[in-house]
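# Working through the structure, step by step
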Amino acid sequence: MADIMRPLSLGELINRVLGEYDQSRSIFGIGEDRFFRKASDRRWQVMGENCETPLGPAAGPHTQLAQNIVAAYLAGARFIELKTVQILDTLEIEKPCIDCRDECFNTEWSSEFTVPKAYGEYLKAWFVLHLLEELLGL
C-alpha cells in the first residue's frame, strides 16, 4: 500500500462506479458475476446488529477509503470494521508501524486520515452502497 491514500470526491466515485459498470459490467475490477447476492433470508447477529453475512475486512488504512469499502461490499462484506480514529490524528509515525523483533505488535497510535476526512470517506461509502443496493438490487 502506498504511503499516501488518495480519496475520490463523491462525484468522481459515483462516475467511476457507474461508468465502469455501464462500460464493462464491473466495478473496481469486480465483475457483475462476482457481486455477492444473498442466497437465503438468513441473517447474522453481529454486535447487536443484523447483517447478511458476518464477513468483512478488518480495520486498517484500507477501510478509510470509500472505494475500498464499496469493493469489499460488492465481494460480500456486510460487516466492515472501520479504522479507529481519534482526536490526536496528526501524529508523525515512522513506517512501517509493526514491530516484529520478537512479538509482533502495532506501534502506531494514529489514523491515516484526520477525523473529519475519515468521516467524509465513511459517509461517501454509505451513500454509494445505498445507491448500489437500489440500482443493482444487491
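We now turn to the structure provided with this report. (Residues numbered from 1 in each chain as written. Predicted model: local features only at pLDDT ≥ 70, side-chain atom pairs only at ≥ 80, totals over all residues. Heavy atoms only, no water.)

### A closer look at the packing of aromatic side chains
The test is simple: Here the aromatic set is Phe, Tyr and Trp, taking the six-membered ring for Trp, and pairing holds for ring centres within 6.5 Å; pairs whose planes are under 30 degrees apart are stacked, those over 60 apart are edge-to-face, and all others are tilted. Secondary structure elements are defined from DSSP: runs of H or I of at least 4 residues count as helices, runs of E of at least 2 residues count as strands, and each element is numbered from the N terminus. Remark: exposure states derive from per-residue accessible area (1.4 Å probe, protein chains only) relative to the maximum for the residue type, with buried under 20%, exposed over 50%, and partly exposed in between. Think of it as a cone above the ring: NZ of Lys or CZ of Arg counts as a charge over the ring if it is within 6 Å of the ring centre and within 35 degrees of the ring normal.
By the definition in use, this model includes one aromatic pair. Ring geometry for Y21 versus F35: centroids 6.3 Å apart, planes at 25°, classification stacked. Of this pair, Y21 sits in helix α1 (residues 10–24) while F35 sits in the loop between β2 (30–31) and β3 (44–46), and the two are 14 residues apart along the sequence. In this structure, Y21 and F35 share a single accessibility class: buried. Here the guanidinium or amino end of R42 rests over the ring plane of W44, the centre of that ring lying 3.9 Å away. Over the ring of Y73 we find R78; its NZ or CZ atom is 3.6 Å from the centre of that ring.

### Details of the side chain of E52
Keep this limit in mind: Definition of a polar contact: a pair of N or O atoms within 3.5 Å, with one able to donate and the other able to accept a hydrogen when the atoms are protein atoms, and with sequence-neighbouring residues admitted only if both atoms are side-chain atoms. Contacts were defined at the residue level, with two residues in contact if any of their heavy atoms lie within 4.5 Å.
Inspection of the secondary structure puts E52 in the loop between β4 (49–51) and α2 (66–74). Judged by its relative accessible area of 18%, E52 falls in the buried class. Polar side-chain contacts of E52 include one of 2.9 Å to the side chain of R78. Residues within four places of E52 in sequence aside, it is in contact with F36, K38, R42, R43, W44 and R78.

### Overview of the pattern of salt bridges
As a reminder, the rule being used: A side-chain nitrogen of Lys or Arg and a carboxyl oxygen of Asp or Glu constitute a salt bridge if their distance falls within 4 Å.
All chains considered together, the criterion is met by three salt bridges. Between K38 and E52 there is a salt bridge, and its shortest N-O distance comes to 3.8 Å. One end of the pair, K38, is in the loop between β2 and β3; the other, E52, is in the loop between β4 and α2, and 14 residues separate them in sequence. Of the residues examined, K38 reaches a relative accessible area of 40% and is grouped as partly exposed. One salt bridge in this structure joins K124 and E121, with 2.5 Å as the shortest N-O distance. Here the residue K124 and the residue E121 both occupy positions in helix α3 (residues 115–136), the gap between them amounting to three residues, near one helical turn. Each of the salt bridges in this network shares a partner with another, and the network as a whole consists of K38, E52 and R78.

### Overview of the packing of α2 against α3
The criterion, for reference: Lines fitted to the C-alpha atoms define the axes, with helices restricted to the stretch that makes contact. Angles between their N-to-C directions range from 0 to 180 degrees. Working rule for handedness: look at the near helix, and if it is turned counterclockwise from the far one by less than a right angle, call the crossing left-handed; if clockwise, right-handed. Residue type decides the class: Asp, Glu, Lys and Arg count as charged, Ala, Val, Leu, Ile, Met, Phe, Trp, Tyr, Cys and Pro as nonpolar, and the leftover types, Gly among them, as polar.
At a minimum axis separation of 8 Å, α2 and α3 run at an interaxial angle of 35°. In this structure, the crossing between α2 and α3 has a hand that is right-handed. On the side of α2, the interface is formed by A66, Q67, I69, V70, Y73 and L74, while α3 contributes E121, Y122, K124, A125, V128, L129, L132 and E133. Split by residue class, the contact of α2 with α3 holds 10 nonpolar, one polar and three charged.

### Describing α1
In an α-helix there are 3.6 residues to a turn, and that puts residues three or four apart on one side. Note the cut-off: Expected helix span is given by 1.5 Å per residue-to-residue step, counting one fewer step than there are residues. Throughout, the arc means the angular range of directions from the helix axis out to the C-beta atoms.
Between the first and last C-alpha of α1 there are 21 Å, a value that for 15 residues agrees with the 21 Å anticipated at 1.5 Å per step. Taken together, the buried positions of α1 are occupied by L13, I14, V17 and Y21. Down the axis of α1, the buried side of the element spans an arc of 95°, and every buried residue falls inside it. Relative to its buried face, α1 has exposed residues pointing more than 90 degrees away, namely N15, D22 and Q23. Lining the buried residues of α1 we find β1 (26–27), α2 and α3. R25 lies just past α1 and shows a positive phi near 55°.

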